[in-house]
Amino acid sequence: MHRAKTGFLNKDRIRIHPAEDFAGMRAAGQLTAECLDMIAEFVKPGVAAEELDARIQAFIEDAGAESATIGYRGFQHASCISVNNVVCHGIPGAPIPKAGHETVSKDLEKRRTNDTLLDGDIVNIDVTCILDGWFGDSSRMYVAGTLGRRDARLIEVTHECLMLGIEAVKPGNTFGDIGAAIQRHAEGNRMSVVRDFCGHGLGQVFHAEPNVVHYGRAGSGAVLEEGMFFTIEPMINLGKPFTKVLADGWTAVTKDKKNTAQFEHSIGVTADGCEIFTLSPTGKFHPTWEA
């Protein structure tokens, strides 16, 4: 049973949490990070996304937690698994959309009809755990087999975008400062920021105010206050920022079929900065952790 919501809503309808709420978010975030650490060794060529999802669901249930995505608006999986040009909300078990990239041959890509990973695929896995009524939400990038040069740069820039956005979080700054830092870095590297999806408030609910957009003007938007909980989750494209949602109603892909990457942390604003709730306990947040 979920507890009654704590804290209060400020003038922007953003919930301000008391200091004691950080413990619940910390525990939920760490469980999510542990889950994403666990799955790393299984992301390899020949493995089906549906198999990865089954392992994630078992891990969450064995920990005495719940998956926030199972049953959410009809979604029936414990994770979103988004491959190559899938921006977000990839459905485990559904065929991976066809799109050529530098390490998968065109012949192999043409024959893709299921959710089995191929050598060179880049993969975002997004998991949200509910632990004792608190939501921990995070995603990170993985690589199946050989990492291509352009994809490696895409992943690196996307990770840097997330961390630059987090660096902008402190009381007195604005949400526009977060978006501006991300946009400046992405576009400075000749990449683009997806506009159609954004970060969000969370805590004892999955999605709440504010919408955390990953582009914008410094100094604009609501002012950051101690006690705010939200995600930052930039989606960065090698090509243009435009996306479309497929007929399944979930899978979002790049319109130009070029690859995309995403990293996501759940954070809480502190007196002098922020706390990242979803840090990897084993340092596996970035896919080159084995290097």
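These numbers come from a predicted model, not from an experiment.

A. Molecular detail of the side chain of Thr254. Its place among the elements puts Thr254 in strand E14 (residues 252–254). A residue is classified by how much of its surface remains accessible, and Thr254, at 1% relative accessible area, is buried.

B. Structural detail: the packing of aromatic side chains. Counting across every chain of the model gives eight aromatic pairs. Where Phe263 meets Phe285, the ring centres are 5.3 Å apart and the plane angle is 45°; that geometry is what we call tilted. On the criterion of sequence distance, the pair formed by Phe263 in the loop between strand E15 (260–262) and strand E16 (265–269) and Phe285 in the segment after strand E17 (274–276) is long-range, its members being 22 residues apart. Take Phe285: its relative accessible area is 8%, and that puts it in the buried class.

C. Expanded view of the pairing of strand E4 (residues 80–83). By the alternation rule, side chains of E4 split into Cys80 and Ser82 and Ile81 and Val83, which are all buried. Relative to strand E6 (residues 122–131), E4 runs antiparallel, the two sharing four bridges. Within E6, the residue paired with Cys80 across the bridge is Asp126.

Cut-offs used in this document
In this numbering scheme, every chain counts its residues from 1 along its sequence in written order. A pLDDT threshold of at least 70 governs which residues receive local features in this predicted model, and a stricter bar of 80 or more applies before side-chain atom pairs are shown or counted, although totals over entire chains, interfaces and linings include all residues. Side-chain measures here rest on the full set of heavy atoms in the structure, leaving out hydrogens and waters. Helix and strand definitions here come from DSSP, where helices need a minimum of 4 consecutive H or I residues and strands a minimum of 2 consecutive E residues; each element is numbered from the N-terminal end. For every residue, the accessible area (1.4 Å probe, protein chains only) is compared with the maximum for its type, and the residue is labelled buried under 20%, exposed over 50%, or partly exposed between those bounds. Two aromatic rings from Phe, Tyr or Trp, using only the six-membered ring of Trp, form a pair when their centres are within 6.5 Å; if the ring planes differ by under 30 degrees the pair is stacked, by over 60 it is edge-to-face, and anything between is tilted. DSSP bridges decide pairing: two strands pair if at least two such bridges lie between them.

Any functional reading would require information that these geometric values do not contain.
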